Amino acid sequence: MRKIPPLEKNPPLLSKSSKSAAGLPAIISTMNHGFTKSGIIGSLKTLSRVNRFHGFDCPGCAWPDPDGHRTFAEFCENGAKAVADESTKKRINSSFFAKNSVSSLSNHSDQWLNDQGRLTEPMLLAEGEEHYKPITWNDAFEIISSELSELENPNEAIFYTSGRTSNEAAFMWQLLARRFGTNNLPDCSNMCHESSGVALTDSIGIGKGTVTLDDFNKADLILVVGQNPGTNHPRMLTALRDAKRAGGSIVSINPLTETGMRKFKHPQNPLEILGSGTEIADEHFQININGDQILFNAINHHLIQNDLIDHDFISEYTNGFDEFRKSFSNINWQEIENATGISESRIRNLAEIIGKANSIIICWAMGITQHRNSVPTIQEMVNTLLLGGNIGRQGAGVCPVRGHSNVQGDRTVGINHKPKEDFISRLEKSTGIKSPNSHGYDAVESVHAMLSGSGKVFLSMGGNFLSAMSDTNLVSDALENCNLTVQISTKLNRSHLVTGRKAIILPCLGRTELDISISGNQFVSVENSMGIVHSSQGKNKPASKELLSEPSIVCNLGKFLDQIIGDSGINWDQLCENYDRIRDLIEDTIPGFNDYNNRVRIKEGFYLPNPPRDSRTFNTDSGLANFRINKLENLSSSENEFVMMTIRSHDQYNTTIYSSNDRYRGIKGGRRIIFMNPEDILSSNISPDSKVNITSIFRGVKRTSKSWHLVPYQIPRGNIATYFPEANELIPLDSVALGSNTPTSKSVLVRITKEN
Ligand SMILES: Nc1nc2c(c(=O)[nH]1)N[C@H]1C(S)=C(S)[C@@H](COP(=O)(O)OP(=O)(O)OC[C@H]3O[C@@H](n4cnc5c(=O)[nH]c(N)nc54)[C@H](O)[C@@H]3O)O[C@H]1N2
Ligand SMILES: Nc1nc2c(c(=O)[nH]1)N[C@H]1C(S)=C(S)[C@@H](COP(=O)(O)OP(=O)(O)OC[C@H]3O[C@@H](n4cnc5c(=O)[nH]c(N)nc54)[C@H](O)[C@@H]3O)O[C@H]1N2
Ligand SMILES: [Mo]
């Protein structure tokens with residue numbers, strides 16, 4: 001079975017990277033995607049329902065909608081692509097699998113797999129078979145529950161979750177896992193914002209952001225660090241544009257000058273489309289990969305040295321300032337300049353701007369969370385905000401920009417391999433299910449467990465674990481070592497092809513589709529990046545009559561399991577007939593959801609409580625916001641070595657590849673490419689036309705990925721960028737962030753050699 005997509009024959013076509021984001025090209029691109037996939041009328045209808053009060057939540061990202069005026073679809077090119085991709089008219093049925101063996105399918109590209117259309121009926125890949133065959137839902141539930149019941153220990157089962165899962169489905173999923181007796185609930189968050197959750201919980205007592213969208217209009221200064229909003233959170237550009245109009249300044253800190261941070265033309269505003277667009281970033285700091293902790297530490301030094309700090313806030317609300325101040329005794333600017341690639345004078349300049357701003361928001365995403373020292377880096381950025389009293393004040397705070405549209409909600413409702421005692425006791429009270437106290441596996445630990453044979457059944461609520469995880473070859477061995485792997489999915493991906501001895505596909509309804517149970521139309525709810533919970537209701541006709549909703553798949557699994565291993569006391573049927581009942585259980589279990597069923601029916605939804613934001617209350621060990629002092633680190637390369645980051649192109653949604661173009665970066669027709677500084681290309685003595693191999697060496701083990709093309713690009717020397725998931729086979733499984741165990745997808749040391 002091919003674990004990675006096939007290699008590419010031809011180099012990509014290169015042009016200049018775009019000067020501005022969105023505008024007319026975005027509209028044309030949306031038209032192409034939407035109209036070819038779901039037909040003209042279909043896509044117009046579908047797109048008009050995105051993020052409307054009575055429509056569905058956009059599956060594109062977790063950026064919120066403006067409070068009170070979520071009246072018409074906020075247009076976004078990449079949201080539209082995600083929607084069109086789900087509402088495609090193409091279908092995969094049983095004859096597709098009869099025609100194509102699993103190994104022949106695995107020779108196709110990820111884009112081709114996704115392009116085959118929606119999965120329409122439950123399928124079984126029986127042991128030793130080459131083809132998936134149709135199976136009834138009942139038989140599928142029966143096989144899964146009997147495999148589970150045969151395990152010697154509940155911890156041999158692993159329940160993975162991807163972040164599109166609604167609150168209702170996620171709550172039922174964790175209930176099923178815990179009812180079975182395990183906390184093995186790894187989720188995509190382990191590879192994503194886990195570092196943010198860990199760092200923020202320790203520093204300020206909540207693992208989430210503390211700003212609302214309205215704060216963007218009130219901020220003096222917004223730092224966008226390690227994030228590419230033009231591609232991954234396009235609606236954030238509107239918020240940044242508005243922030244600028246309201247007088248705020250924007251600074252981007254990124255090894256690449258991403259197009260979205262240069263200029264933006266709002267695609268719904270005809271004057272902007274034709275005009276020259278709004279400059280977004282006032283200043284751009286082209287930092288070396290992983291130089292951020294040292295940068296913010298140096299900024300903090302300057303702020304303290306020059307007394308640009310808020311003494312009242314520090315003495316009333318924080319802990320550890322004196323130790324923090326003392327930690328700056330031997331600061332070495334030469335080392336700082338080497339690590340960051342930014343001059344002392346520019347850093348001091350930035351520190352002055354920070355010190356003089358009345359309200360500062362720091363936004364970040366994967367450029368910060370996927371390094372060995374991600375938790376320390378985030379805590380250093382929090383230190384910066386604490387010095388100026390920039391938490392719990394209008395126009396100020398932390399803003400970890402979430403990825404998957406409900407990844408934050410999934411954690412809130414219990415997808416957590418390390419449940420807190422309070423959660424365990426509340427869950428027992430509300431449902432009668434006693435969760436084990438011992439921690440479960442996160443994503444990396446799950447792979448180790450499957451490799452060693454102590455993880456035997458892998459069940460996946462959405463997602464594409466094989467391709468999303470680091471170290472693709474090991475993950476493949478891990479999955480193949482399972483007795484059974486189960487994918488609850490909408491679209492075909494590589495995790496359906498690299499499987500356990502037996503494999504089952506359970507096709508489910510997507511966000512855009514009507515979900516009708518015997519008690520009528522159901523809706524679900526989600527939590528966005530700013531802690532607002534709101535409803536999402538699909539309106540499209542389901543892709544097939546056979547599809548079940550995610551909550552109903554979980555409830556059926558629960559029911560079948562009860563029949564084999566004994567009654568859990570949960571009335572699974574009742575719960576999936578009417579999601580209000582699931583929401584009642586969530587309300588009884590999780591603080592902040594009071595009156596859930598009524599409040600979720602209000603147009604804009606409701607904010608979950610956020611103590612640092614609401615009242616400067618910090619539920620930390622000290623009861624105050626903590627200045628944290630961490631050892632300073634950065635990943636620097638030695639001679640002939642590069643620091644590699646793995647990033648998203650403009651035409652992909654995580655492991656779903658829409659095309660092999662990356663419009664903003666000027667790439668056409670190629671994904672196996674290495675963005676490299678032109679001078680590094682020159683000094684490597686490799687002609688840009690030849691193909692190269694990439695090798696990572698970690699703890700003495702070499703991993704090599706073949707057949708890549710060099711692309712000259714404005715990226716700091718010694719740094720390179722490749723695309724995820726193609727480069728994941730190079731990321732060592734045990735190369736993880738301290739404290740959060742997140743794979744270091746943005747910090748991989750590699751060598752480049754000419755392909756023979
Ligand atoms: N269209 C689209 N939208 C998406 C997704 C998608 O795949 N496609 N994915 C969703 C998900 S799950 C997520 S988590 C988000 C991801 O959103 P992003 O975090 O924006 O995604 P990445 O492409 O990983 O981009 C990381 C950015 O960080 C920069 N960077 C890398 N290393 C460093 C560093 O050491 N320091 C600094 N300062 N910058 C660095 C890179 O140059 C790049 O601009 O997007 C979500 N939205
Ligand atoms: N090297 C590297 N690796 C990374 C990253 C990186 O930046 N670099 N980013 C990491 C991040 S931030 C994340 S979040 C993970 C993403 O990891 P995952 O969430 O596991 O991966 P996705 O590619 O988002 O999953 C796509 C699949 O989800 C299924 N799906 C889509 N919609 C639905 C739905 O509504 N219901 C169900 N049940 N299934 C659905 C489809 O079958 C689709 O093929 O990847 C991580 N991996
Ligand atoms: Mo993510």
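Worth saying up front: this structure is predicted, and the values here are computed from it rather than measured.

Examining the site of ligand 1
Piece 1. Around ligand 1 lies a shell of 33 residues, among which Asn254, Glu258, Asn290, Asp292 and Asn654 are the nearest.
Piece 2. Glu258 places a polar side-chain atom, nitrogen or oxygen, 2.6 Å from an oxygen atom of ligand 1.
Piece 3. Here an oxygen atom of ligand 1 sits 3.3 Å away from a polar atom, N or O, in the main chain of Gly367.
Piece 4. Starting from 920 Å² of accessible surface for ligand 1 in isolation, the protein chains cover 99%.
Piece 5. Secondary-structure elements contributing two or more residues to the shell around ligand 1 are α11 (229–232), α19 (366–369), β25 (642–647) and β26 (652–653).
Piece 6. Taken together, the residues of the shell around ligand 1 sort by class into 13 nonpolar, 16 polar and four charged.

Some thoughts on the site of ligand 2
Piece 1. Not every one of the 30 residues close to ligand 2 is listed here, only the nearest: Tyr160, Ala468, Lys491, Glu550 and Thr655.
Piece 2. Between ligand 2 and Ser162 there is a distance of 2.7 Å, counted from an oxygen atom to a side-chain nitrogen or oxygen.
Piece 3. Asn728 is positioned such that a nitrogen or oxygen atom in its side chain is 2.7 Å from a nitrogen atom of ligand 2.
Piece 4. With the chains in place, 96% of the 930 Å² that ligand 2 exposes on its own is no longer accessible.
Piece 5. Partitioned by chemical class, the residues of the shell around ligand 2 number 11 nonpolar, 14 polar and five charged.
Piece 6. Here the shell around ligand 2 spans two domains, since at least three of its residues come from each of domain 2 (91–192 + 422–605) and domain 4 (637–754).

Focus: the sheet that holds strand β2 (residues 20–22)
Within a sheet, adjacent strands bond to each other through the backbone by hydrogen bonds, running parallel or antiparallel.
Piece 1. Pairing is mixed across the open sheet formed by three strands, whose spatial order is β2-β10-β11. In the strand order of this sheet, the two ends are held by β2 and β11 (278–279), each with one partner.
Piece 2. Pairing between strand β10 (residues 263–265) and β11: two bridges, direction antiparallel. By the bridge assignment, Phe264 is partnered in β11 with Thr278.

Side note on the domain arrangement of the protein chain
Piece 1. Each assigned domain of the protein chain is listed here: domain 1 (21–86), domain 2 (91–192 + 422–605), domain 3 (200–401) and domain 4 (637–754).
Piece 2. Domain 1 puts 21 residues into the contact, and the matching count from domain 2 is 22 residues.
Piece 3. Roughly 1900 Å² is buried in total at the junction of domain 1 and domain 2, and carbon and sulfur atoms are behind 48% of that figure.
Piece 4. One can count three salt bridges joining domain 1 with domain 2.
Piece 5. Residue Arg164 pairs with Glu86 through a salt bridge whose shortest N-O separation is 3.8 Å.

Let's talk about the packing of aromatic side chains
Any pair of aromatic rings gets described here by the distance separating the centres and the angle formed by the planes.
Piece 1. Tallied over the entire structure, the rule returns 19 aromatic pairs.
Piece 2. When the ring of Tyr160 is compared with that of Phe465, the centres are 5.0 Å apart and the planes differ by 65 degrees; the resulting orientation is edge-to-face. With Tyr160 in strand β7 (residues 157–161) and Phe465 in helix α24 (residues 465–468), the pair connects residues that are 305 residues apart, well separated along the chain. As far as burial versus exposure is concerned, Tyr160 and Phe465 are alike and both buried.
Piece 3. An angle of 85 degrees between the planes, with centres 5.7 Å apart, marks the rings of Phe675 and Tyr723 as edge-to-face. Here Phe675 is found in strand β29 (residues 673–676), whereas its partner Tyr723 is found in strand β32 (residues 719–723), with 48 residues between them in sequence. One exposure class covers both Phe675 and Tyr723, and it is buried.

A short note on the sheet that holds strand β33 (residues 748–754)
Piece 1. Overall, mixed pairing links the six strands, which are arranged β25-β32-β29-β31-β30-β33 in a closed barrel. On average, each strand axis in the sheet is inclined to that of its neighbour by 45 degrees, with strand direction left out of account.
Piece 2. Where β25 lies against β33, three bridges are found, and the strand directions are antiparallel. Note that in β33 the partner of Met644 across the bridge is Val748.

Remarks on the packing of helix α14 (residues 292–305) against helix α20 (residues 374–387)
Piece 1. Look at α14 against α20: their axes get within 8 Å of each other, and the N-to-C directions meet at 20 degrees. In terms of orientation, α14 and α20 fall into the roughly parallel class. Here α14 runs over α20; the crossing is left-handed. Contacts between α14 and α20 involve Asp292, Gln293, Phe296, Asn297, Ile299, Asn300, Leu303 and Ile304 on the former and, on the latter, Pro376, Thr377, Glu380, Met381, Asn383, Thr384 and Leu387.
Piece 2. Classifying every residue of the contact of α14 with α20 gives seven nonpolar, six polar and two charged.

Points about the pattern of salt bridges
Piece 1. Tallying each qualifying case throughout the model produces 39 salt bridges.
Piece 2. Here Glu129 ties to Lys133 by a salt bridge, and the two come within 3.0 Å at their closest N and O atoms.
Piece 3. Two residues, Arg325 and Asp322, come together in a salt bridge whose shortest N-O distance is 3.2 Å. Taken together, the positions of Arg325 and Asp322, both in helix α16 (residues 321–326) and three residues apart, correspond to about one turn of that helix.
Piece 4. Residue classification places Asp322 among the partly exposed residues on the basis of a relative accessible area of 41%.
Piece 5. Among the ionic contacts, a cluster of salt bridges with common partners joins Glu77, Lys81, Asp651 and Arg663.

Re helix α9 (residues 194–204)
Piece 1. Within α9, eight of the 11 residues are buried, which leaves it mostly tucked inside the rest of the structure.
Piece 2. Those residues of α9 that fall on the buried side of the exposure criterion are Glu194, Ser195, Ser196, Gly197, Ala199, Leu200, Ser203 and Ile204.
Piece 3. Downstream of α9 by one or two residues, Gly205 has phi in the positive range, about 85 degrees.

Observations regarding the environment of Asn332
Piece 1. Position of Asn332 among the secondary structure elements: in the loop between α16 and α17 (333–340).
Piece 2. Given a relative accessible area of 32%, Asn332 falls into the partly exposed group.
Piece 3. Expressed as a C-alpha distance, the spacing of Asn332 and Thr742, which sit 410 residues apart in the sequence, is 30 Å.
Piece 4. Within polar-contact distance, the side chain of Asn332 engages the backbone nitrogen of Gln334 at 2.9 Å.

Quick word on the pairing of strand β9 (residues 249–253)
Piece 1. With respect to burial, β9 is a largely interior element, four of its five residues being buried.
Piece 2. As judged from the five bridges shared by strand β8 (residues 221–225) and β9, these two strands associate in the parallel manner. Looking at β9, one finds that Val225 is bridged to Ile253.
Piece 3. Relative to strand β12 (residues 283–285), β9 runs parallel, the two being bridged by three bridges. The residue of β12 that forms the bridge with Val251 is Glu283.

So, helix α12 (residues 234–245)
Given 3.6 residues per turn, any residue in an α-helix points the same way as the ones three and four places further on.
Piece 1. For α12, built from 12 residues, the straight-helix expectation of 16 Å at 1.5 Å per residue is met to within 8% by its first-to-last C-alpha distance of 18 Å.
Piece 2. Counting buried positions along α12 yields nine of 12 residues, so the element is predominantly enclosed.
Piece 3. Buried within α12 we find Pro234, Arg235, Met236, Leu237, Thr238, Ala239, Leu240, Arg241 and Ala243.
Piece 4. With its phi angle positive at about 105 degrees, Gly247 sits one or two positions after the end of α12.

As for the side chain of Thr340
Piece 1. Mapped onto the fold, Thr340 is located in helix α17.
Piece 2. A distance of 3.1 Å separates a polar side-chain atom of Thr340 from the backbone nitrogen of Ile342.

Cut-offs and rules
- Residues numbered from 1 in each chain as written.
- Chains lettered and ligands numbered in written order.
- Predicted model: local features only at pLDDT ≥ 70, side-chain atom pairs only at ≥ 80, totals over all residues.
- Heavy atoms only, no water.
- Near = heavy atom within 4 Å.
- Polar contact = N/O pair within 3.5 Å; in protein donor to acceptor, adjacent residues only side chain to side chain.
- Areas by Shrake-Rupley, 256 points an atom, 1.4 Å probe, with all protein chains shown as cover.
- Helix = DSSP H or I, 4+ residues; strand = E, 2+ residues; numbered from the N terminus.
- Nonpolar A, V, L, I, M, F, W, Y, C, P; charged D, E, K, R; others polar.
- Domains from an automatic or database assignment.
- Pairing = 2+ DSSP bridges.
- Contact = heavy atoms within 4.5 Å.
- Buried area = accessible area lost by both parts, 1.4 Å probe.
- Salt bridge = Lys/Arg side-chain N within 4 Å of Asp/Glu carboxyl O.
- Phe/Tyr/Trp six-rings, centres within 6.5 Å; stacked < 30°, edge-to-face > 60°.
- Buried < 20%, exposed > 50% of the residue type's maximum accessible area, 1.4 Å probe, protein only.
- Axes fitted to C-alpha atoms, helices over the stretch in contact; angles between N-to-C directions.
- Parallel < 35°, antiparallel > 145°, perpendicular 65-115°, else oblique.
- Left-handed = near helix turned anticlockwise from the far one by under 90°.
- Expected span 1.5 Å × (residues − 1).

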